[in-house]
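Each chain is listed here by its residues.
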Amino acid sequence: MRSNINLLSFTFMLLLTSTSRATTAFISSLSTHHPHFQLIGSRHNTNRLIMSFEFQQPDTQYPYTPPAWASPLTNVPKKRLKLAHLPTPIQLIGSNRSTRQQKNSSTILSRLKELNIKLYIKRDDATGGVELGGNKLRKLEFLLAAALETGCDSVVTIGGEQSNHCRATAAAARMVGLSPNLILRTRRADKIHEKTDELGFEGNILFDRMMGSTIYTCTPGEYGRVGSNKLVQHVCDYIATKDGGKPYAIPVGGSNGVGSWGYINAVDELMNQMESMKQDNTSSDFNLDHVVFATGSGGTAAGISLGLSMAYGSLGPSAADTSCPKLHAVGVCDNPAYFYDTMALIANEMGASLDKTTDQFIREAVTVHNGKGRGYALSTEDELDFILQFSLETGIALDPVYSGKALYHFVKHVVENDVESYRNKHVLFWHTGGALGIYEKGNDLLHKFSEVSPVKRVDVYGSNGVKEITD
């Protein structure tokens, strides 16, 4: 036991007597891309592989070393936590069986198959359990490490009424011994304060309250006029003055020059996965032509855009590699100009040292699409139909605020408006989680359920002793 870092580990040795090329390649891949495996050499026709498991305490701070290709970013965090379940898987969507199961010939997958588009999904909805899962947890590994490093005893952050970020922050804060304070933007703020309405326990709010969060409310108008950062600072000042506490301020979505390092790490993870897939005989031709992701506060988009550009060697004077996939950020609120500006600001906070302005680089690196539809967290019938149909065809739940809006807009508008640019291409969609948000849309989907999910009564005894099932 190594008590100095609050870590429990054990090790065992796996002896593989096969000396085939495939076995050796398998072991080398494990030891290269998975830190729990270590190849210690071979002797007497026996490959010796050590595999260790570590039981981590969430509040253990680990020294952080960025990927070598991230050297253009100079403001590097010193520490990180390990809260997420990594690496998250990549799934190829659309088997022959899944398309045959659909009676409607105009399904999502059949259209992709018609265009010979291969759709891969990076499952960042699987970064943690239901209380933690989603893209925010990658950012929180760095943000909460900074909170602990500076001796804070609580956190303050802000988001919408059904904020995935606030829910994940509350849970992760409790895991590392910090008290969560959440500012939720809701049109019902005044009614809740006057006791004529209740905040309730639906979706993400249930988990916010299970984690014992102190919840502050503001209206969308107040949020727009004052700004999210000032609201967070206002509550931080209130806590420090009233309780003598030391709160750590986390911006909306965890999106700043600290949190976005979570997606520098995520890109490194993706690059390792892609390399492993290329070494696999069944995926030797694997490549990506397009990478698509939702953006609501800009941090994930900034990390992915900077990370992939650097990882593919697209920065600096030797930037001759043009193989970087085209990047598509689908905005679920605001407008493209806002996201270009926000990503450039975050790049500056990360210490980006480029041979062009950060604004110019960001605009060349990623295309921001306006996919907000009716507005943030507001769904059209077509969007909800798409989310429901996608779950029927793939078994994957998309949320109505981020991933559902983003994939709907990309497939139904971006692709369909320029079909030939996407025909025969490999597309990776980065699923950022948030399925708890679908609870709020249950009534809007109700009229569809009788068709796709019928309920039947089992007549256990039946008439004349014949067991029946009735509609």
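Remember, predicted model here, so these are calculated numbers, not experimental data. (Residues numbered from 1 in each chain as written. Predicted model: local features only at pLDDT ≥ 70, side-chain atom pairs only at ≥ 80, totals over all residues. Heavy atoms only, no water.)

Novice: Looking at this structure, how should I read the overall build of the protein chain?
Specialist: Along its length, the protein chain carries 17 helices and 17 strands. Taking all 471 residues of the protein chain together, 48% fall into the buried category. The long-range share in the protein chain, meaning contacts at least 24 apart out of those at least 6 apart in sequence, stands at 75%. With an accessible surface of roughly 23000 Å², the protein chain has 50% of that area assigned to carbon and sulfur atoms. (Helix = DSSP H or I, 4+ residues; strand = E, 2+ residues; numbered from the N terminus. Buried < 20%, exposed > 50% of the residue type's maximum accessible area, 1.4 Å probe, protein only. Contact = heavy atoms within 4.5 Å. Areas by Shrake-Rupley, 256 points an atom, 1.4 Å probe, with all protein chains shown as cover.)

Novice: What is the right way to look at the packing of helix H14 (residues 381-394) against helix H15 (residues 403-415) in this model?
Specialist: The geometry of a pair of packed helices is captured by two quantities: the angle between their axes and the separation between those axes. Direction vectors running N to C along H14 and H15 enclose 95 degrees, while the axes themselves pass 9 Å from each other. The angle between the axes of H14 and H15 places the two elements in the roughly perpendicular class. Facing Asp382, Glu383, Phe386, Ile387 and Phe390 of H14, the residues of H15 in contact are Gly404, Lys405, Leu407, Tyr408, Val411 and Lys412. When the residues that make up the contact of H14 with H15 are grouped by side-chain class, the tally is six nonpolar, one polar and four charged. (Axes fitted to C-alpha atoms, helices over the stretch in contact; angles between N-to-C directions. Parallel < 35°, antiparallel > 145°, perpendicular 65-115°, else oblique. Nonpolar A, V, L, I, M, F, W, Y, C, P; charged D, E, K, R; others polar.)

Novice: How do you make sense of the pattern of salt bridges when you look at a structure like this?
Specialist: Side chains that differ in sign of charge can pair as their charged atoms come close. Counting across every chain of the model gives 16 salt bridges. Arg188 is the salt-bridge partner of Glu161, the closest N and O atoms lying 2.4 Å from each other. Of the two residues, Glu161 sits in the loop between strand E8 (154-160) and helix H5 (164-175) while Arg188 sits in the loop between strand E9 (179-185) and helix H6 (189-193), which places them 27 residues apart along the sequence. Note on Glu161: relative accessible area 17%, which makes it buried. With its nearest N and O atoms 3.4 Å apart, the salt bridge here joins Asp359 to Arg363. Residue Asp359 and its partner Arg363 are located together in helix H13 (residues 358-365), separated by four residues, close to a single helical turn. (Salt bridge = Lys/Arg side-chain N within 4 Å of Asp/Glu carboxyl O.)

Novice: What is the right way to look at the environment of Gly253 in this model?
Specialist: Looking at the element boundaries, Gly253 is found in the loop between strand E11 (247-249) and helix H10 (261-279). Taking the C-alpha atoms as reference, Gly253 lies 7.0 Å from Lys136; in sequence the two are 117 residues apart. Not counting residues within four places of it along the chain, the set of residues in contact with Gly253 comprises Lys136, Lys139, Ile158, His165 and Ser297.

Novice: Help me out: how do you make sense of the sheet that holds strand E15 (residues 426-431) in this one?
Specialist: What holds strands together in a sheet is hydrogen bonding between their backbones, with the strands either parallel or antiparallel. Within the open sheet, the six strands sit side by side as E6-E7-E15-E12-E13-E14. Their pairing is mixed. The sheet is open, and its two edges are formed by strand E6 (90-93) and strand E14 (366-370), each paired on a single side. Geometrically, the sheet is characterised by an average inter-axis angle of 25 degrees between neighbouring strands, direction not taken into account. Of the pairings in the sheet, the one linking strand E12 (residues 290-295) to strand E13 (residues 326-331) comprises six bridges and is parallel in character. Within E13, the position partnered with Val292 by the bridge is His328. Of the strands in this sheet, E12, E13, E14 and E15 are in contact with helix H11 (residues 299-311), which crosses E12 at around 155 degrees. (Pairing = 2+ DSSP bridges.)

Novice: I'm lost on the pairing of strand E7 (residues 118-123) in this one. Help?
Specialist: One face of the sheet, then the other: side chains in a regular strand alternate in exactly this way. In terms of burial, E7 is a largely internal element, five of the six residues being buried. With four bridges joining them, E6 and E7 adopt antiparallel strand pairing. Residue pairing in the sheet places Ile90 in a bridge with Lys122 of E7. Sheet analysis places E7 next to E15, joined by six bridges and oriented parallel. The partner of Lys122 across the bridge, within E15, is Trp430.

Novice: Can you walk me through H10 in this structure?
Specialist: Note that an α-helix has 3.6 residues per turn; residues three or four places apart therefore point the same way. A rise of 1.5 Å per residue sets the reference length of H10, with its 19 residues, at 27 Å; its end C-alpha atoms lie 28 Å apart and thus fit the reference within 8%. Among the residues of H10, those classed as buried are Trp261, Gly262, Tyr263, Ile264, Asn265, Ala266, Val267, Glu269, Leu270, Gln273 and Met274. Where the residues of H10 are buried, they touch strand E5 (79-80), E6, E7, helix H4 (136-149), H11 and E15. (Expected span 1.5 Å × (residues − 1).)

Novice: Got a minute to help me understand a nonpolar patch on the surface in this structure?
Specialist: Taken together, the side chains of Leu392, Leu446, Phe449 and Val452 present a nonpolar region at the surface, about 310 Å² in accessible area. Residue contributions to the nonpolar patch peak at three residues, all from helix H17 (residues 442-452). Within the secondary structure, Val452 sits in helix H17. (Patch = residues over 30% accessible without salt bridge, like charges linked within 9 Å, V, L, I, M, F, W, Y side chains within 5 Å.)

Novice: Got a minute to help me understand the pairing of E12 in this structure?
Specialist: By the criterion of burial, E12 is predominantly enclosed, with six of the six residues buried. Burial of E12 is two-sided: the residues His290, Val292 and Ala294 facing one way and the residues Val291, Phe293 and Thr295 facing the other way are all buried. Two elements, E12 and E15, share four bridges in a ladder whose sense is parallel. Pairing of Val292 across the sheet is with Phe429, part of E15.

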